[in-house]
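Commentary on secondary and tertiary structure
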Amino acid sequence: MPEPTGAASAQDLPIRMLHDRVLLRREENGGERHTGGGLLIPATASLGKRLSWADVVAIGQHVRQVTLGDRVLFDPTEEAEVELDGRS
């Protein structure tokens, strides 16, 4: 089966994912958002706890619910940031 666009194979990553860990790549939007009516909400505006969208880049061997290339919602307060090849 071909690999999803934007996903890295296990051999391409400089790290090995273990157990139930999932590596995500966040969408780059600069923090600004638009409402349904087209209003721009700046990155400095805080609306409380919000979920973020990201793409699954790598998974550990015990992950069963997602696959490479899936688009997922996650809680940014529960993230651990890592830098790979100069990118966060």
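My aim in this report is to walk through the structure given alongside it, one point at a time. (Residues numbered from 1 in each chain as written. Predicted model: local features only at pLDDT ≥ 70, side-chain atom pairs only at ≥ 80, totals over all residues. Heavy atoms only, no water.)

Strand order in the open sheet formed by three strands is E1-E4-E5, and the pairing between neighbours is antiparallel. The two strands at the open ends of the sheet, each matched to only one other strand, are strand E1 (22-26) and strand E5 (71-74). Within the sheet, the average angular offset between the axes of one strand and its neighbour, ignoring direction, is 55°. (Pairing = 2+ DSSP bridges. Helix = DSSP H or I, 4+ residues; strand = E, 2+ residues; numbered from the N terminus. Axes fitted to C-alpha atoms, helices over the stretch in contact; angles between N-to-C directions.)

This brings us to the packing of aromatic side chains. Counted by the stated rule, this structure contains zero aromatic pairs. One Lys or Arg, Arg71, reaches over the ring of Trp53 and ends 4.3 Å from the middle of that ring. (Phe/Tyr/Trp six-rings, centres within 6.5 Å; stacked < 30°, edge-to-face > 60°. Lys NZ or Arg CZ within 6 Å of the ring centre and 35° of its normal.)

Time to look at the pairing of strand E4 (residues 52-59). For a regular strand, side chains alternate in direction, first toward one face of the sheet and then toward the other. In the sheet, E1 pairs with E4 via five bridges, with the strands oriented antiparallel. Pairing of Leu23 across the sheet is with Ala58, part of E4. As defined by bridge partners, E4 adjoins E5 across four bridges and the pair is classed as antiparallel. Residue pairing in the sheet places Ala54 in a bridge with Val72 of E5.

Another point: the environment of Ala58. Position of Ala58 relative to the elements: it lies in strand E4. Residues Ala58 and Leu68, spaced ten residues apart in sequence, show a C-alpha to C-alpha distance of 6.1 Å.

Moving on, we get to a nonpolar patch on the surface. There is a patch of nonpolar side chains on the surface, built from Leu51, Trp53 and Leu73 and spanning about 300 Å² of accessible area. With respect to the helices and strands, Trp53 occurs in strand E4. (Patch = residues over 30% accessible without salt bridge, like charges linked within 9 Å, V, L, I, M, F, W, Y side chains within 5 Å. Areas by Shrake-Rupley, 256 points an atom, 1.4 Å probe, with all protein chains shown as cover. Salt bridge = Lys/Arg side-chain N within 4 Å of Asp/Glu carboxyl O.)

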